[in-house]
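For reference, the chains in residue letters:
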Amino acid sequence: MIKNFIFYAIVFLPGSNTFDWDNEEIGTPGAFLIRNNHHSEFYLKSLTLEDVPSHGVIHFPCNSWVYPASKYQNDRVFFSNKTYLPAETPISLLKYREEELENLRGDGKGQLQEWDRVYDYEVYNDLGNPDKGPQHARPVLGGSTEYPYPRRGRTGRAPEYESRLNLALSLNIYVPRDERFGHLKLADFLSYALKSIVQVLKPEFESIFDKTPNEFDSFEDVLKLYEGGLEVPEGVVKVIRDNVPLEMLKEIFRTDGERFLKFPLPQVIAVDKFAWRTDEEFAREMLAGINPVMIRSLEEFPPASKLDPKVYGDQTSTITKEHIESNLEGHTINEVIIERKLFILDHHDALMPYLRRINSTSTKTYASRTLLFLQKNGTLKPLAIELSLPHPEGDQHGAISKVFVPEEKGVENSLWQLAKGYVGVVDSGYHQLISHWLHTHAVIEPFIIATNRQLSVLHPIYKLLHPHYRDTMNINALGRQILINAGGALEVTVFTSKYSMEFSSMLYKDWVFPEQALPQDLLKR
Ligand SMILES: *[C@@H]1O[C@H](CO)[C@@H](O)[C@H](O)[C@H]1NC(C)=O
Ligand SMILES: *[C@@H]1O[C@H](CO)[C@@H](O)[C@H](O)[C@H]1NC(C)=O
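Quick summary incoming for the structure in this document. In this text, all values refer to a predicted model and were calculated from it rather than measured experimentally.

Following the criterion strictly, the structure yields 20 salt bridges and no others. Here R296 makes a salt bridge to D346, at a shortest N to O gap of 3.5 Å. Taken together, the residues R296 in strand β10 (residues 296-297) and D346 in strand β11 (residues 342-347) connect sequence positions 50 residues apart. Given a relative accessible area of 15%, D346 falls into the buried group. Here D521 ties to R525 by a salt bridge, and the two come within 3.3 Å at their closest N and O atoms. Beyond isolated ion pairs, a larger network of salt bridges with shared partners links R296, D346, R369 and E386.

Attention now goes to the nonpolar core. Within soluble globular proteins, side chains that are nonpolar tend to cluster in buried spots. Y124, Y149, L351, W437, M501 and F503 are the most contacted members of the largest nonpolar core, which has 51 residues in total. If you tally residues by element for this core, the top one is helix α14 (residues 410-454), at 11 residues. What M501 contacts, discounting residues up to four positions off in sequence, is L127, L141, Y149, L433, W437 and I484. I319, V336, F373 and L383 belong to the second-largest nonpolar core, a separate cluster that totals 13 residues.

Here the focus is the environment of Q135. For Q135, the location among the structural elements is in the loop between β6 (121-122) and β7 (152-153). Judged by relative accessible area, which is 51%, Q135 ranks as exposed. Between the alpha carbons of Q135 and G487 there is a distance of 9.3 Å; along the sequence they are 352 residues apart.

All right, on to the pairing of strand β5 (residues 76-79) then. Side chains of β5 alternate between two faces, with R76 and F78 and V77 and F79 buried alike. Here 4 bridges tie strand β2 (residues 28-34) to β5, and the two strands are oriented antiparallel to one another. Counted as the bridge partner of L33 is V77 from β5.

We now examine the packing of α14 against helix α16 (residues 472-482). Put simply, α14 and α16 touch, their axes get as near as 9 Å, and they point 125° apart. Of the possible angle classes, the one that applies to α14 and α16 is oblique. The way α14 lies across α16 gives a crossing that is left-handed. Between α14, through W437, H441, A442, I444, E445, I448 and I449, and α16, the contact on the second element is made entirely by T472, M473, I475, N476 and R480.

Inspection of the region around ligand 2 gives E280, Q375, N377 and T379 as its neighbouring residues. Residue N377 places a side-chain N or O atom 2.3 Å away from an oxygen atom belonging to ligand 2. Against a free-state accessible area of 360 Å², the protein chains account for coverage of 37% of ligand 2. Residue composition of the shell around ligand 2, grouped by class: no nonpolar, 3 polar and 1 charged.

Turning next to the packing of α14 against helix α18 (residues 500-508). In the contact formed by α14 and α18, the axes pass within 10 Å of each other and the chain directions differ by 65°. The chirality of how α14 crosses α18 is right-handed. Residues Y430, L433, I434, W437, L438 and V443 of α14 form the contact with α18, whose own contacting residues are S500, M501, F503, S504, L507 and Y508. A class-by-class count of the residues in the contact of α14 with α18 yields 10 nonpolar, 2 polar and no charged.

Each value, and the rule that gives it
Residues numbered from 1 in each chain as written. Chains lettered and ligands numbered in written order. Predicted model: local features only at pLDDT ≥ 70, side-chain atom pairs only at ≥ 80, totals over all residues. Heavy atoms only, no water. Salt bridge = Lys/Arg side-chain N within 4 Å of Asp/Glu carboxyl O. Helix = DSSP H or I, 4+ residues; strand = E, 2+ residues; numbered from the N terminus. Buried < 20%, exposed > 50% of the residue type's maximum accessible area, 1.4 Å probe, protein only. Core = buried A, V, L, I, M, F, W, Y, C linked by side-chain atoms within 4.5 Å. Contact = heavy atoms within 4.5 Å. Pairing = 2+ DSSP bridges. Axes fitted to C-alpha atoms, helices over the stretch in contact; angles between N-to-C directions. Parallel < 35°, antiparallel > 145°, perpendicular 65-115°, else oblique. Left-handed = near helix turned anticlockwise from the far one by under 90°. Near = heavy atom within 4 Å. Polar contact = N/O pair within 3.5 Å; in protein donor to acceptor, adjacent residues only side chain to side chain. Areas by Shrake-Rupley, 256 points an atom, 1.4 Å probe, with all protein chains shown as cover. Nonpolar A, V, L, I, M, F, W, Y, C, P; charged D, E, K, R; others polar.

Right under this line is the structure:
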């Protein structure tokens, strides 16, 4: 029988130390306790015991910040890199494993501090800032049937609406200590956040957005983004300089002067400034663009709706076979459906219930359906775009729809370009808010919390999952500060405006865990 035991690492950091070993009496080490008697924290990467009699080398991966002993109730414990199911865990380790899980669960009370390692659940009650007026109030997401949402990590700040931290002051928001990332990742995040909020940092950009703030007046304005970059206000530059190491600054800024944001020129523009206007490029981006996770094979014609007809009336698509059959390389619709050559980018059902609310903001948009055909040579061709609005006399009267088809010339060509533009706006917004934020960042956070609360680090599933969780809680916490909050980057850049987060809550109702993996996701589509 392997005896396991716990020993104290009487800090010998860094470097190596020698001590005597009586294997008869003390057996094989399975964990060690460590107490930091210094005044400040240190990062403990790992501990290795060499020449353990009748064992050789024993390795203890730690990867953790260890704070002064006064900050903890118990000494910190680290286990050797063995893997055990709960029933097989050596008895001598069980107590430490249990205690460690209790520490990580916390007691649900009080404001959590920098050194805490607590993984606890909270609803999204910190998005709005109702003290600033009704325009800044947002519903609490999570914990209700009206607004279901994945849980986030608890910080224990003020119970109702968490007091908002000021970006200009600090990006310090509680996450369990070992979830915090270093400077490199922060630079990445800030660079993204900045590039999206920079458009609303008036009046600094009025030289570009002169007569119509927040809008580009010409293609030259757009191209200037890549050639000249956008100038950043001095205050914001200071926040970045304070948070980002020098070598990362050149990722964010153009090298000269450090006040102009760098936007790398997209390849499609580098080759041809107007290539993005072609139907080929529009269709190519359905697969190789930012949101390739929506397009699906169309199995019924005309495309149907899953919206409740009692509430929304007839929402069936008004696209007819006359709209598209001339572009099917001589095939009928039935044939191309059977051969699975007909595809749809369907943003109809998701948007329709929210259009009236979105329309009450300064954003105007449409629900959209885009049909595409897989041609003989393996490229996709857009066949038709349907843009829809709710009926002016009430939802129960169904949708008011218009169908646009590819035209080479004249006003029809301009309308077709515009229709593609609306699809691009809706699809890129859906990407940011749903595919990227909700389906990637938000849904994984409760899994991170649950794993840390329920599985000991010795558990094989813990070891399997842990690398996939890296940085997510921290990015999400920063995201709540400056991206998804009321008035944050997401609301000012995505078409859903101030309804963004509740819109994502509505779509979370359709999120089903087993459908997220491969091959199920592809089979479903
Ligand atoms: C959207 O709002 C505008 C006013 O800003 C109004 O004229 C229009 O009818 C509205 N459209 C819908 C579909 O509600
Ligand atoms: C594929 O076929 C279509 C229709 O014949 C044509 O317009 C397009 O240029 C072709 N694309 C490629 C990459 O060959």
